[in-house]
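Topology and contacts: notes
Here is what each chain is made of, one letter per residue.
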Amino acid sequence: MAPGEPLIVVISGPSGAGKSTVAKRVLEKSPGLVRSVSVTTRGPRVGDVDGEDYYFVSPEEFAARRDAGRLLEWAEVHGNLYGTEAEQVDLSIAGGRSVLLEIDVQGGTSVKAARPGAVLIFLLPPSDGTLEERLRGRGTDDEAVILRRLENARKELESAKDYDYRVVNDDLDRCVGEVMGIIEAEAEKNGADGPPVPG
Ligand code: 5GP
C-alpha cells in the first residue's frame, strides 16, 4: 500500500464478474489492506469457512445485529441478507489499515452515504456471454439460481455509473493492477486531504 490515510474500498459488480478472484489477488498483494468479513443468512457453500468467508448466522441473529445498529450497511441479495459490521471497519481504519468490502451495489451506495470518503470500484465482465459462462462454469448453483443471478447481474450493471471507478475484468493481472493503482492513488490523495470524515 502507498503511504496515506487508510481507506474504505468497496468492490462491487455482477455475480460472475470475477469479484472474489480479483479481491483475493488484491488482498494478497496489499499487506496494509484487510478484508471485511460480512455477516449473512445464506447457508455455507462447499468450501466456505465460517469466520473467513462470512459469518454465517440465523435470520434472528442477523436481525438482532442490524437492530442493535451494528451494521454499517445491509441488503437483501438473491433472497438472503448480507451486512457489513461497522466495528470491523472502524477498528481497521483506527489501526491504520484500509478495508476492502466485497459487497453488492445497494451496500456500496449505503457505504458511500455513511462514509463519503469511501472509494467505490465497479468490476465489469468483458461481455454478457462471459458472465453466463462463468456462472455456469462455477458449477455450484442450480439453474434457477443461475437465472436469478443473471437477472440480478443485469440490474447491477445499471448501477455502474454511480461508482467512482469502473474496471473491466478482461484479463485478471491487468484488472488487479488497475484496481491496485486506484487504491494507491486514492490513499495518497486521502493522505494529502486528511482522513475521511466519519458519517
Ligand atoms: P455470495 O452469496 O455469492 O457470496 O454473495 C452474493 C452477493 O452478496 C455478492 O454480490 C456479494 O458481493 C454480496 N455481498 C456479500 N457480502 C455483502 C455485504 O456485507 N453487504 C452487501 N450489501 N452485499 C454483500
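The coordinates are above.
The structure contained in this document is the topic of the report that follows. (Residues numbered from 1 in each chain as written. Predicted model: local features only at pLDDT ≥ 70, side-chain atom pairs only at ≥ 80, totals over all residues. Heavy atoms only, no water.)

**Section: the pattern of salt bridges**
Summed over the entire model, instances satisfying the criterion amount to 14 salt bridges. When the shortest N-O distance is used, the salt bridge between arginine 65 and glutamate 61 registers 2.7 Å. Placement of both arginine 65 and glutamate 61 in helix 2 (residues 59–67) is noted, with a separation of four residues, approximately one turn of the helix. The salt bridge involving aspartate 90 is made with arginine 115; its shortest N-O contact spans 2.8 Å. Of the two residues, aspartate 90 is situated in helix 3 (residues 86–94) and arginine 115 in the loop between helix 4 (105–114) and strand 8 (119–124); the sequence distance between them amounts to 25 residues. Beyond isolated ion pairs, a larger network of salt bridges with shared partners links Glu61, Arg65, Arg70 and Glu85. (Salt bridge = Lys/Arg side-chain N within 4 Å of Asp/Glu carboxyl O. Helix = DSSP H or I, 4+ residues; strand = E, 2+ residues; numbered from the N terminus.)

**Focus: the sheet that holds strand 6 (residues 80–85)**
Within the open sheet, the four strands sit side by side as 4-3-6-5. Their pairing is mixed. Bordering the open sheet on either side are strand 4 (55–56) and strand 5 (71–77), each of which pairs with just one other strand. Packed onto the sheet, helix 2 meets strand 3 (39–40), strand 5 and strand 6 and runs at close to 140° relative to strand 5. (Pairing = 2+ DSSP bridges. Contact = heavy atoms within 4.5 Å. Axes fitted to C-alpha atoms, helices over the stretch in contact; angles between N-to-C directions.)

**Some details on the side chain of serine 36**
Mapped onto the elements, serine 36 comes out in the loop between strand 2 (33–35) and strand 3. On the accessibility criterion, serine 36 (4% relative accessible area) is buried. (Buried < 20%, exposed > 50% of the residue type's maximum accessible area, 1.4 Å probe, protein only.)

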